[in-house]
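Now for the letters of each chain:
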Amino acid sequence: MIFDYQMIWENLPLYWGGVLVTLKILLISLAVGLSLAVPLALMRVSKSPLVNFPAWLYTYVIRGTPMLVQLFLIYYGLAQFEFIRDSFMWPYFSSATFCACLAFAINTSAYTAEILAGSLKATPHGEIEAAKAMGMSRSKLYRRILLPSALRRALPQYSNEVIMMLHTTSLASIVTLIDITGAARTVSSQYYMPFEAFITAGLFYLALTFILVRLFKLAERRWLAYMAPRKG
């Protein structure tokens, strides 16, 4: 078997367009997911059952169901309700991009919330006592001490979540979006060369993964330097 480089070269513009779609979906999903995850994480560490339980139930349900099922429920399932089709939200829910971003954002918010909640619970007690000794209010304690500290310590775990979300965006092609996987499916169906088409897609995902890993390593080196073992 000979790998058809010419066919891949001719379709590189399609793949590059898929890369842009993938990055667009990924960045929007991560931004919305993180903004939802912060209040959810605060609810998860609350000692009040009325506050903690709804957040626990949300993260349990989202993490306990497949991402593909969630995507289908939002993109295909909501369309069966007449009040959705007649509402002002229908132009959004009829958009594959909106539904994909919403589904991915909901999914990543649940996982990120649990990551942040774990980091909040692992905050050294001395930091809290020092803040209280300085007379900080509870809101100022979370804003200046707990959340920044938890976000820094969560970087290694969050980087794994970002990589998983990058790979999860490949499901967007199922709802008609031409991301990297969608480009590979188009090339495969047009030329009947699935090996070349999907190997190329895999290489693009591998390159993006490498870039993201390096960016997170740089971030960890900058913001987690105080946790590194001292030399000498």
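Everything numeric here is computed off the predicted structure, so don't read it as measured data. (Residues numbered from 1 in each chain as written. Predicted model: local features only at pLDDT ≥ 70, side-chain atom pairs only at ≥ 80, totals over all residues. Heavy atoms only, no water.)

## Looking at the UniProt feature "transmembrane region" (unreviewed entry) in the chain
As annotated by UniProt and renumbered to match this structure, "transmembrane region" (unreviewed entry) occupies residues 14-43, 55-78, 90-111, 162-185 and 197-216. Measuring from the first to the last C-alpha atom of residues 14-43 gives 43 Å, for a span that is 100% helix and 0% strand. A distance of 29 Å separates the end C-alpha atoms of residues 197-216, which is 100% helix and 0% strand. (UniProt positions renumbered as here; feature names shortened; annotations may be inferred. Helix = DSSP H or I, 4+ residues; strand = E, 2+ residues; numbered from the N terminus.)

## Overview of helix α7 (residues 96-121)
With 26 residues, α7 ought to run about 38 Å at 1.5 Å a step, and its terminal C-alpha atoms sit 38 Å apart, in line with that. When you tally the buried positions in α7, you get 19 out of 26 residues, the bulk of the element. (Expected span 1.5 Å × (residues − 1). Buried < 20%, exposed > 50% of the residue type's maximum accessible area, 1.4 Å probe, protein only.)

## Examining the state of the cysteines
Working definition: the covalent bond between the sulfur atoms of two cysteines is a disulfide. Counted according to the given criterion, the structure contains 0 disulfides. Not engaged in a disulfide, the cysteine C99 finds its nearest cysteine sulfur in C101; these two sulfurs lie 9.5 Å apart. For C99, a relative accessible area of 0% translates into the label buried. Note on C101: relative accessible area 9%, which makes it buried. (Disulfide = S-S within 2.5 Å.)

## Points about a nonpolar patch on the surface
Side chains of F53, W56, L57, Y60 and V61 sit close together on the surface and give an oily, nonpolar patch of about 490 Å² of accessible area. On the basis of relative accessible area, Y60 is assigned to the exposed category, the value being 51%. (Patch = residues over 30% accessible without salt bridge, like charges linked within 9 Å, V, L, I, M, F, W, Y side chains within 5 Å. Areas by Shrake-Rupley, 256 points an atom, 1.4 Å probe, with all protein chains shown as cover. Salt bridge = Lys/Arg side-chain N within 4 Å of Asp/Glu carboxyl O.)

## Focus: the pattern of salt bridges
If you walk through the whole model with that rule in mind, you get 1 salt bridge. E114 is paired through a salt bridge with R44; the nearest N and O atoms lie 2.8 Å apart. Separated by 70 residues along the polypeptide, E114 in helix α7 and R44 in helix α2 (residues 12-44) bring together distant segments of the chain. R44 gets classed as buried once you look at its relative accessible area, which sits at 12%.

## Some thoughts on the layout of surface pockets
Estimates place the volume of the largest pocket at around 380 Å³. Looking at the largest pocket, it is lined by 13 residues, and the ones nearest its centre are V45, K47, R138, Y142 and L146. Looking at the lining of the largest pocket, the elements that each hand over two or more residues are α7, α8 (125-133) and α9 (138-153). The dominant element in the lining of the largest pocket, judged by the number of residues it contributes, is α9, at 4 residues. For the lining of the largest pocket, a count of residues per class yields 7 nonpolar, 2 polar and 4 charged. Roughly 160 Å³ of internal volume is contained in the second largest pocket. Lining the second largest pocket are L26, L27, L30, Y158, V162, L212, L215 and F216. Listed by contribution, the elements that provide at least two residues to the lining of the second largest pocket are α2, α10 (155-168) and α12 (194-223). A class-by-class count of the residues in the lining of the second largest pocket yields 8 nonpolar, no polar and no charged. (1 Å grid on protein atoms, 1.4 Å probe; cavity = no way out; pocket = protein on both sides within 12 Å on 5 of 7 lines; lining within 4 Å. Points joined across faces, edges and corners; volume = space filled by probe spheres on them. Nonpolar A, V, L, I, M, F, W, Y, C, P; charged D, E, K, R; others polar.)

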